[in-house]
Amino acid sequence: MAVGDVHSLSRKYVLGVNRGELGPKDKSKGKNAFDPSLVVDADAQHVEHVEEIEQPGRLARAQQKAKRHFRRFWCCYLLGGVIFLAIFLPILFLVIIPAIAQKLVNDSDLPLYSAGILDPKPDRFTFTMDTAIDIPAGISANMDTMNLRLFDREVTPMVPYLSLDLPKSKLKGHTEIYASQPNTIVENEHGWVRLLSNALNSKLFIISVKGSTTAHLGALKADVKVDHDIEVTGLDQFRGFTINSARLVLPAEADGTNFRGEAVLPNHSPVTLALGNITLNLQSEDLILGEAHMPDVLLKPGNNTVGLYGRLDIRTVIRNIWDILAAQRDAILKGVIELSVVGNRTTYAGRNIPYFESVLKNLTLTTRVPIMKVLLDTLGGLAKGNGSVWKNLTDLGGNGVNLTSVLQDHDVTGSCEPRNCGEVKNPRIQFDKWLVSPFGTEFAWARVRSGTLSNATVDVITFG
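These numbers were taken from a predicted model, which means no experiment stands behind them.

1. Considering the overall build of the protein chain
- A count of helical and extended segments in the protein chain gives nine helices and 20 strands.
- Considering the protein chain as a whole, with its 464 residues, one finds that 36% of them fall into the buried category.
- Contacts spanning at least 24 positions in sequence make up 66% of the contacts within the protein chain whose residues lie at least 6 apart.
- By element, 55% of the accessible surface of the protein chain is carried by carbon and sulfur atoms, the whole surface being about 27700 Å².

2. As for the nonpolar core
- Ranked by size, the top nonpolar core spans 72 residues in total, and within it W192, I207, F238, F241, L265, M294 and Y355 carry the most contacts.
- Taken domain by domain, the makeup of this core includes at least three residues from each of domain 1 (108-234) and domain 2 (237-384).
- Those residues in contact with M294, other than ones at most four positions away along the chain, are F241, A263, L265, G276, N277, I278, L280, V306, G307 and L308.

3. Notes on the UniProt feature "transmembrane region" (unreviewed entry) in the protein chain
- Mapped onto the present numbering, the UniProt feature "transmembrane region" (unreviewed entry) falls at residues 74-101.
- Counting secondary structure, residues 74-101 comes out at 100% helix and 0% strand; the distance between its end C-alpha atoms is 37 Å.

4. Some points on the pairing of strand 2 (residues 124-134)
- Most of strand 2 is tucked away, with nine of its 11 residues classed as buried.
- Note: strand 1 (residues 114-121) against strand 2, six bridges, orientation antiparallel. Paired with A115 across the bridge in strand 2 is M129.
- Joining the antiparallel neighbours strand 1 and strand 2 is a turn of two residues.
- Pairing geometry for strand 2 and strand 7 (residues 174-185), over 10 bridges, is antiparallel. Note that in strand 7 the partner of M129 across the bridge is A179.

5. What to know about helix 3 (residues 189-201)
- Spanning 13 residues, helix 3 covers 18 Å between terminal C-alpha atoms, matching the ideal 18 Å at 1.5 Å per step.
- Looking only at helix 3, the buried set comprises G191, W192, V193, L195, L196, A199 and L200.
- Looking at the buried residues of helix 3, the elements they touch are strand 1, strand 2, strand 5 (162-166), strand 8 (204-217) and helix 7 (354-360).

6. Re the pattern of salt bridges
- Enumeration over the complete set of coordinates arrives at 11 salt bridges.
- Two residues, D227 and R153, come together in a salt bridge whose shortest N-O distance is 2.7 Å. Note that D227 is positioned in strand 9 (residues 220-233) and R153 in the loop between strand 4 (146-151) and strand 5, a separation of 74 residues in sequence.
- Overall, the relative accessible area of 41% leaves D227 in the partly exposed class.
- The salt bridge partner of R239 is D236, with a shortest N-O separation of 2.5 Å.
- A relative accessible area of 48% means that R239 is categorised as partly exposed.

7. A short note on the environment of L162
- Mapped onto the fold, L162 is located in strand 5.
- You can call L162 buried: its relative accessible area is 0%.
- Sequence-distant contacts of L162, defined by excluding residues within four places in its chain, comprise F125, F127, L148, R149, L150, T184, I185, V186, E187 and W192.

8. Observations concerning the side chain of T316
- Within the secondary structure layout, T316 lies in helix 4 (residues 314-319).
- In this structure T316 touches L287, I288 and L289, once residues within four positions along its chain are discounted.

9. Some thoughts on the side chain of N304
- Along the chain, the position of N304 falls in strand 14 (residues 302-312).
- Looking at N304, the relative accessible area reads 9%, which means it is buried.
- Among the polar contacts listed, one links the side chain of N304 to the backbone oxygen of K300, at a separation of 2.8 Å.
- Within the structure, the side chain of N304 is placed 3.0 Å from the backbone oxygen of G302, a separation counted as a polar contact.
- Residues within four places of N304 in sequence aside, it is in contact with A263, V264, L265, N267, L298 and L299.

10. Some words on the packing of aromatic side chains
- Applying the stated criterion across every chain, the model contains seven aromatic pairs.
- Measuring from ring centre to ring centre gives 6.3 Å for W192 and Y355, while their planes differ by 65°; the resulting arrangement is edge-to-face. With W192 in helix 3 and Y355 in helix 7, this pair connects stretches of sequence that are 163 residues apart. Of the two residues, W192 and Y355, both sit in the buried class.
- Here the aromatic residues F125, F127, Y161, W192, Y355 and F356 are joined through ring pairs into a cluster of three or more.

11. Overview of unusual backbone geometry
- P157 follows T156 through a cis peptide bond whose omega is -5°.
- Relative to the helices and strands, P157 resides in the loop between strand 4 and strand 5.
- Residues other than glycine seldom take positive phi values, yet Q237 does so here, at roughly 55°.
- Relative to the elements of secondary structure, Q237 occurs in the loop between strand 9 and strand 10 (242-248).
- According to the relative accessible area criterion, Q237 is partly exposed, its value standing at 43%.
- The phi dihedral of A349 is positive, around 55°, even though this residue is not glycine.
- Examined against the element boundaries, A349 turns out to sit in the loop between strand 15 (336-348) and strand 16 (351-352).

Procedures and definitions
Residues numbered from 1 in each chain as written. Predicted model: local features only at pLDDT ≥ 70, side-chain atom pairs only at ≥ 80, totals over all residues. Heavy atoms only, no water. Helix = DSSP H or I, 4+ residues; strand = E, 2+ residues; numbered from the N terminus. Buried < 20%, exposed > 50% of the residue type's maximum accessible area, 1.4 Å probe, protein only. Contact = heavy atoms within 4.5 Å. Areas by Shrake-Rupley, 256 points an atom, 1.4 Å probe, with all protein chains shown as cover. Core = buried A, V, L, I, M, F, W, Y, C linked by side-chain atoms within 4.5 Å. Domains from an automatic or database assignment. UniProt positions renumbered as here; feature names shortened; annotations may be inferred. Pairing = 2+ DSSP bridges. Expected span 1.5 Å × (residues − 1). Salt bridge = Lys/Arg side-chain N within 4 Å of Asp/Glu carboxyl O. Polar contact = N/O pair within 3.5 Å; in protein donor to acceptor, adjacent residues only side chain to side chain. Phe/Tyr/Trp six-rings, centres within 6.5 Å; stacked < 30°, edge-to-face > 60°.

As structure tokens, then:
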């Protein structure tokens, strides 16, 4: 071995042989002076350099180890993945997706914006409904036809009284759905009448619905069910019912009609009702005084002005006048008369509608009408009808026409033909007496055509 080789080999085992100078010399402090801070920085740089070299090596070794592991056990992982998917996918399609779709339906209130009960028949009608389904933004789904069954939740077991099909719809965000179904059969009349009664007499009522359909989320589909209680504003017994005008028709019309007027029926609900021709009993407490008719009633949401006509049984009124006055005493003292009407029957296209009749028979509407308004409307109707204006009314319960008590000492100037009263001058009419007189077997109104108190011509018009 050469001497140089021995020397090189011996240097390999000498400590600090490669360290070099401890630091740069500082000429101001002498030839061997050095700066310790520079030695620390050099060591730190040396350590950091080692770490940067060692870190990538560790990652590479870990990755290589993982690759070797997967190459060795790939069949085990494949088998485990298959088992996982075999368990998870059925849960996804049979549990998770249906649960998501069901939650979307459950979170929607299914509000009732409007509804219609139209073209009624004894056992069916046309049913319309405007509702909506809300789903979160960014999600869209297709819904198949949904069969809704309307039922009373308080009755068990469930017995639906109506069924309505909601059409296929594409749901995205807030989606309104309109359904119109002719010939909707009343499946349970008792339950249907109970609902109508709640709607008529309450400020709020509940419609319970159940249904089922299939929702499609892209290529996925899920069966969903609807079970909701829909809160709806009721008619509240036609709160605000008024009679705008009322007048007697004298003489009576050919069909016996002897009064006409207009009534306002408020509909506080969102439901439109085709009630048809309504017949009502005119009553003073429990005494029936006649019948009133409201023709072709289509009750839309809001105030509805309807015609009113009928026959007032004058004989019954006169025979029970004192009982009527006693019942009306408080109202009369306030200058009004109290009128009550009670449902009797309902017809549409000539056929009785039993479910409407069952509800209206238990309904009593009461309103007050100013007495002077009735009298003025009556006189106005007489003037427009046949051109004649009454000059006198005879005494209630009297034994005859008492012109002296009516006219007192007033002369009646001019003349009045049955159809032309335009020439009468200075008529003397007393509104403080309602005067009717027996005339044979009937009752009559009396009017002065011409003459004076001592020599007057009197027309008598009778009514039964």
